[in-house]
Amino acid sequence: MQHEQEVPTDRLLKAKRVVIKVGSALLVERGRLRRRWLDALAADIVAMRARGQQVALVTSGAVGIGRAALGGVIRDLSDRQAAAAVGQIRLFDAYRRALARHGAVGAQMLLTPGDTEDRLRHLNARATMEALLTRSIIPIVNENDTVAFDKHKFGDNDRLAARVGQLISADLVVLLSDVDGLYEADPRSVPDAAHIPVVTAITPEIKAKAGRAGSSLGTGGMAAKIAAASLALGAGSYMAIANGQKNGALGALARGEARATWFVPSSEPLTVRKQWIAATVEPSGTIIVDAGAVKALYAGNSLLSVGVTAVEGEFSLGDPVRVRSAMGQDIGIGLISYDSDDARIIARKRSEHFEALLGYQGPDALIHRDNLAMTIHQDAMEEAQ
């Protein structure tokens, strides 16, 4: 069993570059900041910096802090964006003050999915992060909730933390939350459910154990944390889900005194380019492939049109599309070499027929292997079948 492996409790001490995500329920209580808790977090982060570690923070809490200015009621998206606008400035000022008391400097970064999905913006965001981290400045990241909406949102800061980890090639992503990890069943309804200390692959069984959000302020829940773990493992990063409610929780985790679920990568990380592709929030369409194509893709080959059984959605040449097996398992995301109309025409056809079918001879591969990021480990995919 994967959770019988040794628990990597020293990973937080060994990691050179760490992303720490702070959940809303930890920062905000009854609409007010937990300032003593925040001060203890700042002290733990400065201690990490003193050990030579580089730290980036991903924080929630802007809406929770700002909602009081709207009378405490969030009725719709515009109210949520307004609350974020009010709360964001207060949230980052609180971080700035807490870090300054311990001699550290923080920097604000607000991201949207386009900042990770557009190649040039991705590289610019990465360069900014690198410039801050190499100067021992702590990037404090949040989604730009004042303008983001629907599919143009990361959706929750768990996945944002994993994508920041991809952006900076982090060794470890730590999700501080109001839960201490993954359980065999939801501990709120099954009090004696067994805690799972180690996970090495995001299998359908692991996904099935995810529950709903544990906080009225949060948008994630365990399902979002498992999705974040899938991104982190694909990038070759460790990830931990730990309860951060007590003051000094990060330090306790570093000392091995706090229980957590550790997600351990079992394969080589994706290249930076493929990490960028895998970080796509909402692919433009879906390509359904047969069993032979699935086998070829896991062997490191490009996706050929002969293995495509169906094309779903509308997309243009170069758009990110999802690759799905005939069994319904999402196995990868790739940049497509044809638009959706042409892809439908050449599905199940060999490349020697392309010119007769399309009027031009395009690339042999529907998705070249260099533009394809497999998003689920082969063992986990086979277990689902």
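Predicted, not measured: the structure shown is a model, and the values here were computed from it.

1. Thoughts on the pattern of salt bridges
Here is step 1: A complete count under the given rule lists 16 salt bridges for this structure.
Here is step 2: A salt bridge links Arg 75 to Asp 79; the nearest nitrogen and oxygen atoms lie 3.5 Å apart.
Here is step 3: One salt bridge connects Asp 186 with Arg 188, and the closest N-O pair in it is separated by 3.1 Å.
Here is step 4: On the accessibility criterion, Arg 188 (54% relative accessible area) is exposed.

2. Remarks on helix 13 (residues 291–298)
Here is step 1: Along helix 13, the positions that sit buried rather than exposed are Ala 293, Val 294, Leu 297 and Tyr 298. The arc that holds every buried residue of helix 13, seen down its axis, measures 130°, which confines them to one face. Those residues of helix 13 that are exposed and aimed more than 90 degrees away from the buried face are Ala 291 and Lys 295.
Here is step 2: If you check the start of helix 13, you find a side-chain oxygen 3.2 Å away from the backbone N of Gly 292, and it comes from Asp 290.
Here is step 3: Looking at the residues trailing helix 13, positive phi occurs at Gly 300, about 95°.

3. Some details on the UniProt feature "binding site: substrate" (unreviewed entry) in the protein
Here is step 1: UniProt marks Ser 60, Asp 145 and Asn 157 with the feature "binding site: substrate" (unreviewed entry), using the numbering shown here.
Here is step 2: Tracing the sequence through the fold places Asn 157 in helix 8 (residues 157–168).
Here is step 3: Given a relative accessible area of 9%, Asn 157 falls into the buried group.
Here is step 4: Setting aside residues no more than four positions away along its own chain, Asn 157 makes contact with Lys 21, Val 58, Thr 59, Ser 60, Asn 142 and Glu 143.
Here is step 5: There is a polar contact of 3.0 Å between the side chain of Asn 157 and the side chain of Ser 60.

4. Thoughts on helix 5 (residues 77–101)
Residue pairs spaced three or four apart in an α-helix point in one direction, given the helix's 3.6 residues per turn.
Here is step 1: Compared with the 36 Å implied by 1.5 Å per residue over 25 residues, the 36 Å span of helix 5 between its first and last C-alpha is a close match.
Here is step 2: Of all bends in helix 5, the biggest is about 30°, found at Gly 87.
Here is step 3: All buried positions along helix 5 are accounted for by Asp 79, Gln 81, Ala 83, Ala 84, Gly 87, Gln 88, Leu 91, Phe 92, Ala 94, Tyr 95, Ala 98 and Leu 99.
Here is step 4: Following helix 5 by one or two positions, Gly 103 adopts a phi angle in the positive range, close to 80°.

5. Structural notes on the sheet that holds strand 15 (residues 308–313)
In a beta sheet, neighbouring strands are held together by backbone hydrogen bonds and run either parallel or antiparallel to one another.
Here is step 1: Taken together, the five strands give an open sheet; going across it, the order is 15-13-16-17-19, and neighbouring strands pair in mixed fashion. The open sheet is flanked by strand 15 and strand 19 (372–374), the only strands paired with a single partner. Strand after strand, the sheet turns through a mean of 25° between neighbouring axes, direction not considered.
Here is step 2: Alignment of strand 13 (residues 285–289) against strand 16 (residues 320–325), held across five bridges, turns out to be parallel. Residue Thr 286 lies in a different strand from strand 16, and its bridge partner there is Arg 322.

6. Observations concerning the confidence of the model for the protein
Here is step 1: Residue-level pLDDT values for the protein average 86, and 89% of them are 70 or greater.
Here is step 2: No element of the protein has a lower mean pLDDT than helix 16 (residues 378–384), which averages 58, and none a higher one than strand 15, which averages 97.
Here is step 3: Every residue in residues 212–219 scores below 50 in pLDDT, and together they form 18 contacts with partners more than four places removed in sequence or on other chains.

Rules used in this analysis
Residues numbered from 1 in each chain as written. Predicted model: local features only at pLDDT ≥ 70, side-chain atom pairs only at ≥ 80, totals over all residues. Heavy atoms only, no water. Salt bridge = Lys/Arg side-chain N within 4 Å of Asp/Glu carboxyl O. Buried < 20%, exposed > 50% of the residue type's maximum accessible area, 1.4 Å probe, protein only. Helix = DSSP H or I, 4+ residues; strand = E, 2+ residues; numbered from the N terminus. Arc of directions from axis to C-beta. Polar contact = N/O pair within 3.5 Å; in protein donor to acceptor, adjacent residues only side chain to side chain. UniProt positions renumbered as here; feature names shortened; annotations may be inferred. Contact = heavy atoms within 4.5 Å. Expected span 1.5 Å × (residues − 1). Bend = angle between axes of the 7 residues up to and from the residue. Pairing = 2+ DSSP bridges. Axes fitted to C-alpha atoms, helices over the stretch in contact; angles between N-to-C directions. pLDDT = per-residue confidence, 0-100.

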